[in-house]
Structure formats: structure tokens, C-alpha cells
Amino acid sequence: MRFQDHWSPATLVATRDLASGIREFILRPDGYIAAPYPVGSHIKVSVLIDGQPDVRSYSLVGESDPRGYRIAVRFAEDSRGGSRYLWSLQPGARLDVATPSSLLQVDWQRPHYCLVAGGIGITPLVGAAQALVRKTPNVSLHYAVRSRGDAAYADELSTLLGDKLSVYAADQAQRLDLAGLFASLPQGTAVLFCGPMRMLDAARSAWAACGRPLADLSYETFGSSGRLATEPFKVRLRGSGEEIVVPRDRSMLDVLNAAGHEVMADCRRGECGVCAIDVVDVEGEIDHRDVFFSDEQKHENRKLCACVSRAHGVVTIDTLERVDAV
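Anyway, here's the lowdown on the structure attached to this text.

Conventions adopted
- Residues numbered from 1 in each chain as written.
- Predicted model: local features only at pLDDT ≥ 70, side-chain atom pairs only at ≥ 80, totals over all residues.
- Heavy atoms only, no water.
- Helix = DSSP H or I, 4+ residues; strand = E, 2+ residues; numbered from the N terminus.
- Rg over C-alpha atoms; globule rule 2.2 N^0.38 Å.
- Buried < 20%, exposed > 50% of the residue type's maximum accessible area, 1.4 Å probe, protein only.
- Contact = heavy atoms within 4.5 Å.
- Areas by Shrake-Rupley, 256 points an atom, 1.4 Å probe, with all protein chains shown as cover.
- Lys, Arg positive; Asp, Glu negative; His and termini not counted.
- Charge placed at Lys NZ, Arg CZ, Asp CG, Glu CD.
- Pairing = 2+ DSSP bridges.
- Phe/Tyr/Trp six-rings, centres within 6.5 Å; stacked < 30°, edge-to-face > 60°.
- Lys NZ or Arg CZ within 6 Å of the ring centre and 35° of its normal.
- Axes fitted to C-alpha atoms, helices over the stretch in contact; angles between N-to-C directions.
- Salt bridge = Lys/Arg side-chain N within 4 Å of Asp/Glu carboxyl O.

When its secondary structure is counted, the protein chain shows seven helices and 16 strands. Here the C-alpha radius of gyration of the protein chain, 20 Å, is about what a compact globule of 326 residues would show, namely 20 Å. Considering only C-alpha atoms, the protein chain reaches an extent of 70 × 50 × 35 Å along its principal axes. Taking all 326 residues of the protein chain together, 52% fall into the buried category. Relative to all contacts within the protein chain whose residues are 6 or more apart in sequence, the contacts with residues 24 or more apart total 68%. Surface summary for the protein chain: the accessible area is close to 15,000 Å², and the carbon and sulfur share equals 50%. Distance from the positive charge centre (36 side chains) to the negative charge centre (41 side chains) of the protein chain: 3 Å.

At alanine 173, a position not held by glycine, the phi torsion is positive, near 60 degrees. Mapping alanine 173 onto the fold places it in the loop between strand S9 (165-169) and helix H4 (178-184).

Below, the discussion takes up the pairing of strand S1 (residues 7-19). Across five bridges, S1 lies against strand S6 (residues 94-98) in antiparallel orientation. When the sheet's bridge partners are listed, proline 9 is paired in S6 with aspartate 96. Taken together, S1 and the strand that follows it, strand S2 (residues 22-29), pair antiparallel across an intervening segment of two residues, in which glycine 21 is found at a positive phi of about 85 degrees.

A separate point is the packing of aromatic side chains. This structure, assessed with the given rule, holds four aromatic pairs. Considering the side-chain rings of tyrosine 32 and tyrosine 69, the 5.4 Å spacing of their centres and the 80 degrees angle between planes classify their relative orientation as edge-to-face. With tyrosine 32 in the loop between S2 and strand S3 (42-49) and tyrosine 69 in strand S5 (residues 69-74), this pair connects stretches of sequence that are 37 residues apart. A residue is classified by how much of its surface remains accessible, and tyrosine 32, at 11% relative accessible area, is buried. Residues phenylalanine 292 and phenylalanine 293 carry aromatic rings whose centres are separated by 5.1 Å and whose planes lie at 75 degrees to one another, so their mutual orientation is edge-to-face. Over the aromatic face of tryptophan 207 sits the side chain of arginine 212, whose NZ or CZ is 5.7 Å from the ring centroid.

What the five strands build is an open sheet, ordered S13-S12-S16-S14-S15; its pairing is mixed. Of all the strands in the sheet, the pair left with one neighbour each is strand S13 (243-246) and strand S15 (303-305). When the angles between neighbouring strand axes are averaged without regard to direction, this sheet yields 40 degrees. In this structure, strand S14 (residues 276-287) lies alongside S15, joined through three bridges in antiparallel fashion. From the neighbouring strand, alanine 276 faces S15, where its bridge partner is cysteine 305.

This paragraph deals with the environment of proline 196. Examined against the element boundaries, proline 196 turns out to sit in the loop between strand S10 (190-195) and helix H5 (197-209). Exposure remark for proline 196: the relative accessible area of 26% places this residue in the partly exposed category. Along the sequence, proline 196 and glycine 119 sit 77 residues apart, while their C-alpha atoms lie 7.8 Å from each other.

This brings us to the pattern of salt bridges. Under the criterion given, the structure shown has 21 salt bridges. Ionic pairing is found between aspartate 5 and lysine 44, a salt bridge with its closest N-O pair at 3.0 Å. Here aspartate 5, found in the segment before S1, pairs with lysine 44, found in strand S3; they are 39 residues apart in sequence, far enough to count as distant. Among the residues examined, lysine 44 registers a relative accessible area of 6% and is labelled buried. Between aspartate 254 and arginine 268 there is a salt bridge whose closest N-O contact spans 3.0 Å. Note that aspartate 254 is positioned in helix H6 (residues 252-258) and arginine 268 in the loop between H6 and S14, a separation of 14 residues in sequence. Looking at aspartate 254, the relative accessible area reads 10%, which means it is buried.

Structure below.
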């Protein structure tokens, strides 16, 4: 495992609404001492979904905060229930949190940095911006949102970055031209991206079209952002033929484990690949929501990350379990 989770009881000490449908939560573990954590860190949070314990991951907002861990959660009706649970809590509520972990790699030796965020993807980039501006003035942030009112942390970032912050509001016909942006960047610029899957696909395509080195583009995404609508689907197990329904509000990983088919996992964000499962057949379409596999691997449909990826129809998988011959 990449991460060794250390869990602590915590108290929800404060909440505030940042924008329509986006709420900030301050979670203070028992015995909390503010300490630096890597750029792009996230924490795992215990939640209850339909009365059953589960885990969700959320990016930490900003650098170390003396009040506790700061996260921002967008309320999503089509999510797996984590946002509904957190939004139901009031200050004083008790829950468990894990220590911060990060998969985002930052090259601190670059002369220029460009940050690109889509919607709630701004959360890990707030801390990145704070850390980078202490190193160099050559930091810009491009932030795409549905409306200006949806731009969480815009005031905080404007104070930090001044005219190097650009906000693009779709309802004002403002569009972030990724191809134009990337073409305008000085050579050697490092780009950090976080946003929905469709935007990430566009960013990677635009980056490649500009002939930029792939190593210069680092990114995160959020696994709930797929290309297809979230709906129930079936998983068929090779060998036994057993079929299991994955409801719209649960992951394939959780459903398989609950059914007794142990699947290893680590990040639960579609980034590490530990939960990758072999795909035998697809009757329908797989919605790959990970950032672990390449576009070519996703097109081949030979594997999927069970923690975030979903499907329409039926997916036959091989868990390496075998039914004993009679």
C-alpha cells in the first residue's frame, strides 16, 4: 500500500457556505497540532451512507490551518451519498478522519507555474498557489466555473494572485481556451490541473497538441465526474456467473467487498491503480473515471479501477476466484 492510514476521532468545528451548493467544513482531530502537509494532499473521512459506514476522500484547502483540516464539498444529488451526509452535519458532530496523503508531484525547480481548475477542482490548488507564490512571482491560475457565484475562494485567490488570477464564467459566455493558454506558456512551465474528467481529457489533448512534454502536466480529478450519467449496473463474475447489482450511490469496489469478493484498494480516488480489475466482457459501455490508466488502456477495456469507474449495462470481470470442480 502507498498509504498507511492513521485514523483519529475528530469534531466538525465550523461550516460556511462558499457558493451555491458548495460548503466548507473544518474538521479538528482530537489532539490536533497544525503541521505542514504536501501540496495536493487529501484526507479520508468516515461517512454513513444509508446507515452503513463508508469512506470518502476530500482535498485539503490551503496550507496548514490552526483550526483543523479544511475541506470544501459540493452537494451532488447524483453522488454516492458522501456530500448528502456531510451536509446533514452540524458543528459539534463527531466523525473519524485519516492523516493527509498526496499523490500530486510538484517540480519545485521550474521557472513558471500555471494552475488550471474546473469547478470544485479549485480545492487542492488553493494550497498549491499559496506554496508556489512564496517561491516565484511567475504563478498564474485559470479557473473555469458555471457562474461567477460558483467561484469558491475567488476573493482569497484574488488577494493572493492579483491579475494573475483569471476566472471564466460560462453563464457570461467566458470560455477557457486551453489550447490557446497552453500555446502561450513559456517553455518549461509546469501545469497543475484539477477538474472534471471531460475537462481533463480536453486539457491532455490540448497539451499534447502543443507538443509539450507529458511530464510537465500534473493533474488530479474527482472520480464522481464521469462521461456517462450515474446509474445502476451489473457486474458478472467470470467462473461462477454470479451477477451483482452496483447501485448508483455505491462503488463497484464497495459492493464487491460487501459480497465477499475481496478487492484490494488504496487511494479510492482512481489514482493509484491498486483496485484495478480484469475485464472479460462488456455488454454496454464502461465509464472510466480514473486517472491511472492511459487513454489507450481505457479504450481497450481490459481493466478498470473499481473504486471510481462505472458502467452502463453489464461488465464481466475476473476476480481470480475459481469455483471448485464437482
